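Per-entry structural report
Here's the letter readout for the chains.
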Amino acid sequence: DEIGVGELASRMKKTGAEVVKTLMKMGVMASLSEIIDYDTAALVAMELGCKVEKEVVVTIEEKLIDTTEDKEEDLIPRAPVVVVMGHVDHGKTSLLDYIRHANVVSGEAGGITQHIGAYQVDVNGSPVTFLDTPGHEAFTAMRARGAMVTDVAILVVAADDGIMPQTVESINHAKAAEIPVIVAINKMDKPTANPERIKQQLTEYSLVPEEWGGDTIICPISAKTGEGIDNLLDMVVLTAEMRELKANPNRSAHGAVIEARLDKGRGPVATLLVQNGTLHQGDVIIAGTAVGRVRAMTNDKGQKVTEAGPSVPVEIIGMSEVPEAGDDFHAVADERMARELAEQRKAEQKSSMNSNVGKVTLEDLFSQIQAGEMKNLNIIVKADVQGSAEAVKSSLEKISNEEVRVRVIHCAVGAINESDVMLASTSGAIIVGFNVRPDANAKDSAARMKVDMRMYRVIYDAINEIEAAMKGMLAPKF
Ligand code: GDP
């Protein structure tokens, strides 16, 4: 939205001197070679009796992809999409399996025969879609690529164990994604189950049970016996209803890639979750940098289908290459243009590999604050022991000033892992390690995703460096 002074003059068929003089009258000192913004240009033009119109540059993406907003009357309720998270061995897979099998309507042709990455069940007439990959890793990896597919998180905590590191990670990932959390206290069939202790622990992470005056729904369950699972599903439906999730089935499909792989016989196979619109067999789709025509669609019960509406997962074949989980997809009208867009995206990917756009680093912090782009500095703290983690957290939060609030979005004990890097990447956070190091995977991902990690041995150093960065006085690195 800007133009060179010389360019503006020639477009208005005026001399450069006239334009410069007019600008001067307005108090803007600009030479012919300088660039002025749209509003200034419009004023000058008015002054000189010309009219300016903003030049609208339409990108291929805009031409190809229909982004018109849905009208309220076209929207109908859609199924919620649920992710199951929690610590390893607390029963995520068992819960997903139980729900899947308990809800196979008897006599349904085929039954549920395959894992395609997501499945849909019926809860007293309300459909609910589950992502079939438990854990926050897959969820966050998808978020890192921009996909926001989940509406509700079920946090599984084993009643005989308690809140563990990955429970905390899950809570913080759900918080960062701003989705409601329903807690399933699992393994209630075990004699050692102690749900009260877990409720107590949950309050430390601001998940306060309803019975204690909070707003967190807690469901005691057993993924082994099935006890409490109907109630859990009812609560999922209830929570989803409050969010009034809606979509318009009568438009071209848009959604996210849940899983994708290369099949020897069938070529690229991808599971797509439709988020809006309806996907039809024969549709041309673009998913990230992959383009293709939907040759065949299979649902979660292994049945061939010809269309899939909102919140419905389907496995498709027909793509030219394997898209990535978390890529968004769009059904489009023009295959040639879709290929052109895919090429453009590939080129952009290449060039952005070497840039830092949108990423937060201590080096750029001050300029981002100055530009007003930065109101919160998000930090992830990992430390060797709980005491230090808490100490680092509270010290860092204290250095907030008028311009920037320092927010510790995740604070835990242990080495910096890939999940921390993902969270940092999706939340625009930097990672502060205190007497810990990143593991090998975390190191690779951080380099790839341009996540800034800082290791310290002394709390004072951490505070000093971050405070200096906020003031634009970071000592240069040599
Ligand atoms: P995940 O790592 O969170 O996916 O946990 P799994 O679903 O693999 O479960 C870990 C172990 O706990 C398995 O041996 C399960 O059989 C067991 N398990 C899961 N849920 C229950 C439960 O409700 N009761 C009992 N007794 N065992 C369970």
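Sequence order as written defines residue numbering, which begins from 1 separately in each chain. Only residues with pLDDT of at least 70 are given local features in this predicted model, and only at 80 or more are side-chain atom pairs given and counted; all residues enter the totals for whole chains, interfaces and linings. To get the side-chain values, take all heavy atoms of the structure and skip hydrogens and water.

Description of the overall build of the chain
By definition, any uninterrupted DSSP run of H or I lasting at least four residues is a helix, any uninterrupted run of E lasting at least two residues is a strand, and each is numbered from the N terminus. In terms of regular secondary structure, the chain is built from 15 helices and 23 strands. For the chain, the residues scored as buried account for 48% of the 478 residues in total. In this description, contact between two residues means that some pair of their heavy atoms is separated by no more than 4.5 Å. Within the chain, residue pairs in contact and separated by at least 24 positions form 71% of the contacts whose partners lie at least 6 positions apart. What sets the accessible areas is the Shrake-Rupley method with a 1.4 Å probe; for residues, cover comes only from the shown protein chains. For the chain, the exposed area adds up to about 23,400 Å²; of that, 50% sits on carbon and sulfur atoms. For the chain, the distance from the average site of its 50 positive side-chain charges to the average site of its 71 negative ones is 4 Å. Relative accessibility under 20% of the residue-type maximum defines a buried residue, over 50% an exposed one, and the middle range a partly exposed one, all with a 1.4 Å probe and only protein chains included. Neither His nor the chain ends contribute to the count of charged residues, in which Lys and Arg are positive and Asp and Glu negative. Taken as the charge location is NZ of Lys, CZ of Arg, CG of Asp or CD of Glu.

Regarding the packing of helix α6 (residues 136–144) against helix α13 (residues 418–427)
Helix axes are fitted to C-alpha atoms over the stretch in contact, other axes to C-alpha atoms as well, and angles between N-to-C directions run from 0 to 180 degrees. Viewed as axis vectors pointing N to C, α6 and α13 meet at an angle of 30°, and their least axial separation amounts to 9 Å. Our pair here, α6 against α13, has a crossing hand that is left-handed. Residues His136, Thr140, Ala141, Arg143 and Ala144 of α6 form the contact with α13, whose own contacting residues are Ser419, Met422, Leu423, Thr426 and Ser427. Its residues placed into classes, the contact of α6 with α13 shows 4 nonpolar, 5 polar and 1 charged. Helix crossings are classified by the rotation of the near helix relative to the far one: an anticlockwise turn of less than a right angle makes the crossing left-handed, while a clockwise turn makes it right-handed. Classes in brief: Ala, Val, Leu, Ile, Met, Phe, Trp, Tyr, Cys and Pro nonpolar; Asp, Glu, Lys and Arg charged; the others, Gly included, polar.

What to know about helix α12 (residues 386–398)
For α12, which comprises 13 residues, the first-to-last C-alpha distance of 19 Å matches the rise-based estimate of 18 Å (1.5 Å per residue) to within 8%. Regarding α12, the residues found buried are Ser388, Ala389, Val392, Ser395 and Leu396. When α12 is viewed along its axis, its buried side chains cluster within an angular range of 140° and face the same direction. Of the exposed residues in α12, the ones pointing more than 90 degrees away from its buried face are Gly387 and Lys398. On its buried face, α12 sits against β20 (376–383), β21 (405–413), β22 (429–434) and α15 (459–470). The span expected for a helix works out to 1.5 Å for each residue beyond the first. Within this analysis, the arc is defined by the directions that extend from the helix axis to the C-beta atoms.

Points about the side chain of Thr278
Along the chain, Thr278 falls in the loop between β12 (267–276) and β13 (279–280). Its relative accessible area of 8% is what places Thr278 among the buried residues. Looking at Thr278, its side chain comes within polar contact range of the main-chain oxygen of Pro249, at 2.6 Å. Residues contacting Thr278, with those up to four places away along its chain left out, are Pro249, Arg251, Ser252, Ala253, Asp283, Glu307, Ala308, Gly309 and Pro310. Counted as a polar contact is a pair of N or O atoms within 3.5 Å, where, for protein atoms, one must be capable of donating a hydrogen and the other of accepting one, and residues adjacent in sequence contribute only when both atoms are in side chains.

Describing the confidence of the model for the chain
pLDDT is a residue-level measure of predictor confidence that goes from 0 to 100. On average, residues of the chain score 88 in pLDDT, and 93% of them reach the 70 mark or higher. Interface scoring of the predicted complex returns ipTM 0.99; its pTM is 0.75.

What about the site of the ligand?
Contacts to the ligand come from 15 residues, most closely from Asp89, Lys92, Thr93, Ser94 and Asp189. One of the backbone nitrogen or oxygen atoms of His90 is found 3.4 Å away from an oxygen atom of the ligand. Separating an oxygen atom of the ligand from a side-chain N or O atom of Ser222 is a distance of 3.2 Å. A total of 580 Å² of accessible area belongs to the ligand in isolation, and the protein chains cover 72% of it. For the shell around the ligand, the element with the highest residue contribution is helix α5 (residues 92–102), accounting for 3 residues. Only a single heavy atom is needed: when it lies within 4 Å of a molecule or strand, its residue is near that molecule or strand.

So, the pairing of β21
Taken together, the 8 bridges between β20 and β21 define a ladder with parallel strand orientation. Following the sheet pairing, Asn376 is matched in β21 by Arg405. Looking down the strands as they point away from you, a crossover is right-handed if its path from the first strand over the helix to the second goes clockwise. The parallel pair β20 and β21, bridged by α12, forms a crossover whose chirality is right-handed. Two strands make a pair as long as DSSP finds a minimum of two bridges between them.

Observations regarding the pattern of salt bridges
Take a side-chain nitrogen of Lys or Arg and a carboxyl oxygen of Asp or Glu: if they are within 4 Å of each other, that pair is a salt bridge. Counting across every chain of the model gives 24 salt bridges. With its nearest N and O atoms 4.0 Å apart, the salt bridge here joins Arg266 to Asp263. A relative accessible area of 34% places Arg266 in the partly exposed class. Beyond isolated ion pairs, a larger network of salt bridges with shared partners links Arg261, Asp263, Arg266 and Glu315.

Describing the nonpolar core
Joining through side-chain atoms within 4.5 Å is the link that ties buried Ala, Val, Leu, Ile, Met, Phe, Trp, Tyr and Cys residues into a set, and such a set is a nonpolar core. Among the nonpolar cores identified, the biggest contains 29 residues, and Leu155, Val183 and Leu202 are the most heavily contacted of them. Taken together, the elements giving at least two residues each to this core come down to β4 (81–86), α6, β7 (152–158), α7 (165–176), β8 (181–186), α8 (195–203) and β11 (254–263). Ignoring sequence-local partners within four residues, the contact set of Val183 consists of Leu155, Val157, Leu202, Leu207, Thr216, Ile217, Ile218 and Cys219. Val381, Cys411, Tyr456 and Ala462 belong to the second-largest nonpolar core, a separate cluster that totals 25 residues.

Comments concerning the side chain of Thr40
The topology assignment puts Thr40 in helix α3 (residues 38–47). Exposure remark for Thr40: the relative accessible area of 17% places this residue in the buried category. In contact with Thr40, not counting residues within four places along its chain, are Leu23, Met26 and Val28.

Some details on the sheet that holds β21
The sheet built from 4 strands is open, its strands ordered β21-β20-β22-β23 with parallel pairing. Every interior strand has two partners, whereas the edge strands, β21 and β23 (453–456), have only one. Taking each pair of neighbouring strands and ignoring which way they run, the sheet shows an average axis angle of 25°.

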